[in-house]
Amino acid sequence: MATAKKPAISVVKLKKKTVRPSTPRKAKAASPRKPLRSQKDEAISTELAPAVAIALLQQADHGAGQPAPALEPLAAGAVASGTDGKVRVQLLFENGAVLPVEMTDAAAKALSNGIAKEMEKS
């Protein structure tokens, strides 16, 4: 008598997943006034970006005794900063790029006064 072949059954044992008790991570104490910034962010915003912009502007051709060219934004605006005691000034360029600049309230007031005085002259 011929018997029919039975299909092969493969048995796979699943490993039990061990669950480790979760240990609560200590949250970094973040001051609501000053957001945490990495060293890289700090270097870019305080040293590298201004230095690069100045170096590029100084590469432009300008006559002897004349100041180096300056950025020429299409528009500028001021908005609240995420940090207390600071104002964010945004410069809009013709290509749509926006350059944000944060400054203290005192620096913003001085800028405002300087702009107002220059506007009176013209």
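Only a predicted model underlies this, so the values are computations on that prediction, with no experimental measurement involved.

Asker: Looking at this structure, how should I read the environment of Leu56?
Answerer: Structurally, Leu56 can be placed in helix 1 (residues 39-58). Distance in space between the C-alpha atoms of Leu56 and Ala68 is 9.9 Å, their sequence separation being 12 residues.

Asker: Which parts of the structure should I look at to understand a nonpolar patch on the surface?
Answerer: Taken together, the side chains of Leu71, Leu99 and Val101 make up a nonpolar region of the molecular surface, amounting to roughly 210 Å² of accessible area. With respect to the secondary-structure elements, Leu71 resides in the loop between helix 1 and strand 1 (75-80). Under the relative-accessibility criterion, Leu71 is labelled partly exposed at 43%.

Asker: For this particular structure, what's the right way to read helix 1?
Answerer: Every α-helix carries 3.6 residues per turn, so stepping three or four residues along brings you back to the same face. Between its first and last C-alpha atoms helix 1 spans 27 Å; for 20 residues at 1.5 Å apiece the expected length is 28 Å, and the two agree. Of all the bends in helix 1, the greatest, near 45°, is centred on Ser45.

Asker: Could you clarify how one ought to interpret the sheet that holds strand 2 (residues 86-92) in this entry?
Answerer: Strand order across the open sheet formed by three strands is 1-2-3, with antiparallel pairing between neighbours. Unpaired on one side and paired on the other, strand 1 and strand 3 (98-104) mark the two borders of the sheet. On average, adjacent strands in this sheet sit at an angle of 25° to one another, irrespective of strand direction. For strand 2 and strand 3, the ladder comprises seven bridges, and the chain directions are antiparallel. From the neighbouring strand, Arg88 faces strand 3, where its bridge partner is Glu102. Together, strand 2 and strand 3 form the strand contacts of helix 2 (residues 105-121), whose direction differs from that of strand 3 by roughly 110°.

Rules of the game
Residues numbered from 1 in each chain as written. Predicted model: local features only at pLDDT ≥ 70, side-chain atom pairs only at ≥ 80, totals over all residues. Heavy atoms only, no water. Helix = DSSP H or I, 4+ residues; strand = E, 2+ residues; numbered from the N terminus. Patch = residues over 30% accessible without salt bridge, like charges linked within 9 Å, V, L, I, M, F, W, Y side chains within 5 Å. Areas by Shrake-Rupley, 256 points an atom, 1.4 Å probe, with all protein chains shown as cover. Salt bridge = Lys/Arg side-chain N within 4 Å of Asp/Glu carboxyl O. Buried < 20%, exposed > 50% of the residue type's maximum accessible area, 1.4 Å probe, protein only. Expected span 1.5 Å × (residues − 1). Bend = angle between axes of the 7 residues up to and from the residue. Pairing = 2+ DSSP bridges. Axes fitted to C-alpha atoms, helices over the stretch in contact; angles between N-to-C directions. Contact = heavy atoms within 4.5 Å.

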